[in-house]
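# Working through the structure, step by step
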Amino acid sequence: MQPTTRTFKANAREALGDEQLQTALAGLPTGLVAQRAAARARLPEFDELRDLGRDIRNHTLDHLDQYLEIYEKNAIAAGAHVHWAATGQEACDKILEICREANAQLVTKGKSMVSEEIGLNHELQNAGLEVVETDLGEYILQIRGETPSHIIAPAIHLTQGQVEADFRREHSDLPPSRDLKEPAELVDEARQILRQKFLTADVGITGANFLISETGSSIIVTNEGNGDLTQSLAKVHIVLATIDKVVPTLEDVSVLLRLLARSATGQDITAYTTFSTGPRRPSDPDGPEAYHVILLDNGRSELLASQFREILRCIRCGACMNHCPVYGAVGGHAYGWVYPGPVGAVLTPGLIGIEQAANLPNASTFCGRCESVCPMRIPLPGLMRRWREVEFEQNKTSFQARLGLKLWAAFAKRPWAYRLASRFAASFLRLLAGSRGAVRNLPGAGGWTKNRDMPAPQGRTFQQLWNKSKRELSK
Amino acid sequence: MSRDQILAKVRAAISDATPQLQRRAAAEARVAKPSRSAPPLQRVSRPTQELIEVFKYELGRQSANVIEAQGSIPQSIAAYLQEAALPPTLRCGSDSRLTRLQWRDAPTLALQHGPAAAQDDIGLSHAFCGIAETGTLALLSGPENPVTLCFLPDTHIVVVRRSDIVASYEDAYVRLRHLLGERRMPRTLNLISGPSRTADIGGKIVIGAHGPRRLCVVIDNTN
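It should be emphasised that the depicted structure is a prediction, and the values quoted were computed from it without experimental measurement.

Right, let's get into the overall build of chain B. Broken down by element type, chain B carries 6 helices and 12 strands. Its C-alpha atoms give chain B principal-axis dimensions of roughly 70 × 40 × 40 Å. In chain B, which comprises 223 residues, the proportion classed as buried is 48%. Summarising the internal contacts of chain B: among those between residues at least 6 apart in sequence, 74% fall at separations of at least 24.

Further remarks concern helix α25 (residues 462-474) of chain A. Across its 13 residues, α25 of chain A extends 18 Å between first and last C-alpha, which sits within 8% of the 18 Å expected from 1.5 Å per residue. Across the 13 residues of α25 of chain A, 0 count as buried, placing the element largely on the outside.

Residue and element names in this part refer to chain B. With parallel pairing, 6 strands are arranged side by side in an open sheet as β1-β12-β7-β4-β2-β3. One side of each edge strand has no neighbouring strand; the edge strands of this open sheet are β1 (65-69) and β3 (110-113). For this sheet, the mean inter-axis angle between neighbouring strands, taken without regard to orientation, is 25 degrees. Sheet analysis places β1 next to strand β12 (residues 214-220), joined by 5 bridges and oriented parallel. Within β12, the residue paired with I67 across the bridge is V218. Along the sheet face, helix α4 (residues 73-83) touches β1, β7 (155-161) and β12 and points at about 155 degrees away from the line of β12.

Residues and elements named next belong to chain A. Spatial ordering of the open sheet is given by β1-β10-β7-β4-β2-β3, a layout of 6 strands whose pairing is parallel. Every interior strand has two partners, whereas the edge strands, β1 (81-85) and β3 (130-133), have only one. Strand-to-strand twist in this sheet, taken as the mean axis angle between neighbours without regard to direction, amounts to 20 degrees. As paired strands, strand β7 (residues 236-242) and strand β10 (residues 290-296) are joined by 7 bridges and run parallel to one another. Each residue of the ladder has a partner; that of I238, found in β10, is H292.

As a further point, take the UniProt feature "domain: LUD" (unreviewed entry) in chain B. Here the UniProt-annotated "domain: LUD" (unreviewed entry) positions come out as residues 64-219 of chain B. Across residues 64-219 of chain B, the secondary structure splits into 17% helix and 32% strand, with the terminal C-alpha atoms separated by 13 Å.

Rules of the game
Residues numbered from 1 in each chain as written. Chains lettered and ligands numbered in written order. Predicted model: local features only at pLDDT ≥ 70, side-chain atom pairs only at ≥ 80, totals over all residues. Helix = DSSP H or I, 4+ residues; strand = E, 2+ residues; numbered from the N terminus. Buried ≥ 20, exposed ≤ 12 C-beta atoms within 10 Å, placed from the backbone. Contact = placed C-beta atoms within 7 Å. Expected span 1.5 Å × (residues − 1). Pairing = 2+ DSSP bridges. Axes fitted to C-alpha atoms, helices over the stretch in contact; angles between N-to-C directions. UniProt positions renumbered as here; feature names shortened; annotations may be inferred.

Next comes the structure, spelled out in structure tokens:
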């Protein structure tokens, strides 16, 4: 996927003016955010499980080579073909090779963010294969030629009306008289179309929420059942998973499963949690004849070696973006690459380079909500700050920003100058605000005041007030 | 080779002072003797009778129908299908817990065997166990209960024995290891907690996305 991370500011401006997008995003606080809070309230052990989840992930990362080897051994023992891919291109080539060996024409796909990361659909289509996304949100995006704007609710940026228009345009045999006013009718329409695809697919590709070392299994967590139809009806099931997905035991994965759906959608558990191990057994009447797992690195081992290792604890629930004021204002596409929101702001520079993605760790108010809801307790604001430091050290920060920081540093190192300047600024801003109590147009910061007022200081600096209250107390 | 390359990079990245052999031993010990990591949950720290109530309540929250079979299970199924105005033909695998039921009690029902076909309306499975904590059914794929029965038909009926309802996921894994042996899994272990659903259009929940529109759980009280 070609990143547009460099134009984040322009992307964000456009997103703020997009009425349909703003309507779609307005549902977040009462939707996913409120649902997570309710699910957490129903489980008193939730925060204790978060500590355990963090510890399980840390332990696994500290022994990642070992758990990968144990996973591989047990998966092969169950009949899986395990393939290792260092890069996205290697993974695409391997998957294409498997499809060719199976004489595949039609490939169905369950939802997989990693497949977006490596541009898998594009590669398979270029080779002449028909690729069909079967998650409803992903299917809608595929017919629109768009990418997901959220990692668990890929079409969250769209309104129901837009989907209706898309189906009327794409499903050419749809009579105009057919009523599609209710979401249920739209779901039914997609269900009928995709049924045929499931039944005739040659290869089914899914991602994996987790891999289990103990049993050599892969797990997918879904609500629609599309991932299960994808993997049970095709002759060949291919799992695409990055190396950080591995978890030692079934007991360990249960801790993570208790956190995943609650943090993501506020469900206690999704409708379907499926553990797949090897291909169909000799006596099985259904299931895939072959089962392949692609273990993809694509930058994870570099992250493991870096000061950003903690981001590899992520279980992709999306809570950080649901609770992020920046994501809530601009949506996922503005971030310009596969992973939006706070997790994307840390992950993206690690995967495509800070020079490309420097805007993302800067697009944060550091309000800390993401860290406060992260089920794996990843210190997201701290990691974003570290990316800003890397950016500064590599001299990638803009001239204005460096000048501003230098200026600030000059004052900060000279208390008398700092006091004088802040005294001047406080009274100047108060004067500018007048009786309104807010500055509507701040010279030199017009971009900031264009969309909001700046609350005016009440006229005196913090130090002045501090000294005053000290004097009064000692009286 | 990518495998060795990746593993070498991972090892270099860990650069732990702990010797390789010791790390290997730690990982192998954890996998060889899996132990419960999670604390006991208040929700299911209660006597068996109440566990079944939790199981039923949680399934209900997830839009499943729950029937406690008082007399014959085929009769309960026939009554459910009639009330929901559903066709009387069911498809099931070779599970003897299902085939040995007194199907003569419900002469309106017709039973077909094998994996699900596209035109099947109703799939019938027997659960390996029920998990009270989240109202979840655990099913094992195989000739007894083909996996496609869980996903292709519009309606999925699952029978679970009252004595097979356990408190938590971990309890189910202990039973699974007991049944199949350590480190053994069927092709799929399916945890099912309600009918298929989606919220991908405008954030509104719609039941019946790609999988079953109805999930009916029949609790077998006979043992």
